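# Working through the structure, step by step
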Amino acid sequence: TYLLTRLSGSTTGDYRAEVTLHYLGLPVNFVYSFLKEQKWEIYASAGAMLEKGLRTDYKQYQNWDDVQVTTTGNTSVDGVQWSMNGILGIGYTLHKNISLFFDPQLSYYFENEQPFSIRKEMPLLVSLNAGLRMSL
């Protein structure tokens, strides 16, 4: 997972900053098909994910009159991020093992000691995933 936060403002000089977080995750999901008829499938999925923070990168740009000052840094990320998710999806088989899917998803990120991100500000997130799926 790659998370990007952009900040900007003005105090005694204009500034902007970017904070990026890099995570490696292991998801575990259980899927149940409600309806599987000809080419259509409606299913639900529930699961959890454990993510280990790899690193955080920070860049800050400040303007003082005509001078721009740049500050950069990176650190490792301690601890792990746990989350739970639920999906109610629909799929349409295009050819044998290839299907088109649409998965609205709810994810909840538990409070922890991870760096600040959207997951702390809004721990319940909605995402819409769509694409091609290949089955073996």
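These numbers come from a predicted model, not from an experiment.

Rules behind the numbers
- Residues numbered from 1 in each chain as written.
- Predicted model: local features only at pLDDT ≥ 70, side-chain atom pairs only at ≥ 80, totals over all residues.
- Heavy atoms only, no water.
- Helix = DSSP H or I, 4+ residues; strand = E, 2+ residues; numbered from the N terminus.
- Buried < 20%, exposed > 50% of the residue type's maximum accessible area, 1.4 Å probe, protein only.
- Polar contact = N/O pair within 3.5 Å; in protein donor to acceptor, adjacent residues only side chain to side chain.
- Contact = heavy atoms within 4.5 Å.
- 1 Å grid on protein atoms, 1.4 Å probe; cavity = no way out; pocket = protein on both sides within 12 Å on 5 of 7 lines; lining within 4 Å.
- Points joined across faces, edges and corners; volume = space filled by probe spheres on them.
- Nonpolar A, V, L, I, M, F, W, Y, C, P; charged D, E, K, R; others polar.
- Pairing = 2+ DSSP bridges.
- Salt bridge = Lys/Arg side-chain N within 4 Å of Asp/Glu carboxyl O.

## A word on the side chain of Asp-103
Tracing the backbone through its elements, the reader meets Asp-103 in strand S6 (residues 98–109). Take Asp-103: its relative accessible area is 6%, and that puts it in the buried class. At a separation of 2.4 Å, a polar atom in the side chain of Asp-103 contacts the side chain of Tyr-43. Asp-103 has contacts with Tyr-43, Ile-87, Gly-89, Ile-90, Ser-127, Leu-128, Asn-129 and Arg-133, leaving out every residue within four places of it along the chain.

## Focus: the layout of surface pockets
By volume, the largest pocket amounts to about 320 Å³. The wall of the largest pocket is formed by 19 residues, among which Lys-36, Glu-41, Ser-99, Arg-133 and Ser-135 lie closest to the centre. For the lining of the largest pocket, the elements supplying multiple residues, two or more each, are strand S2 (14–37), strand S3 (40–64), strand S5 (80–95) and S6. Split by residue class, the lining of the largest pocket holds six nonpolar, seven polar and six charged.

## Quick word on the environment of Phe-110
Here Phe-110 lies in the loop between S6 and helix H1 (118–121). Among the residues examined, Phe-110 registers a relative accessible area of 36% and is labelled partly exposed. Put simply, Phe-110 and Gly-9 are 101 residues apart on the chain and 29 Å apart in space, counted from C-alpha to C-alpha. Filtering out sequence-adjacent residues up to four positions away, Phe-110 remains in contact with Gln-81, Trp-82, Ser-83 and Met-84.

## Considerations on the pairing of S6
Here S6 shows a buried face lined by Ser-99, Phe-101, Asp-103, Gln-105, Ser-107 and Tyr-109 and an unburied face lined by Ile-98, Leu-100, Phe-102, Pro-104, Leu-106 and Tyr-108. When S5 meets S6, the two strands line up antiparallel, connected through ten bridges. Across the sheet, residue Thr-93 finds its bridge partner in S6, namely Ser-99. Here S5 hands over to S6 after two residues, with Lys-96 in that stretch at a positive phi of 35°. Note: S6 against strand S7 (residues 124–134), eleven bridges, orientation antiparallel. When the sheet's bridge partners are listed, Ser-107 is paired in S7 with Leu-125.

## Digging into the pattern of salt bridges
Going through the model one piece at a time under the given rule, you end up with five salt bridges. Of the charged contacts, one joins Arg-6 and Glu-18 as a salt bridge, the two residues approaching to 3.3 Å between their closest N and O atoms. Placement of Arg-6 in strand S1 (residues 2–10) and of Glu-18 in strand S2 is noted, with a sequence separation of twelve residues between them. On the accessibility criterion, Arg-6 (61% relative accessible area) is exposed. On the accessibility criterion, Glu-18 (24% relative accessible area) is partly exposed.

## Points about the side chain of Ser-107
Tracing the backbone through its elements, the reader meets Ser-107 in strand S6. At 2.9 Å, the side chain of Ser-107 forms a polar contact with the side chain of Gln-105. Beyond its immediate stretch of four places on either side in the chain, Ser-107 contacts Met-84, Asn-85, Pro-123, Leu-124 and Leu-125.

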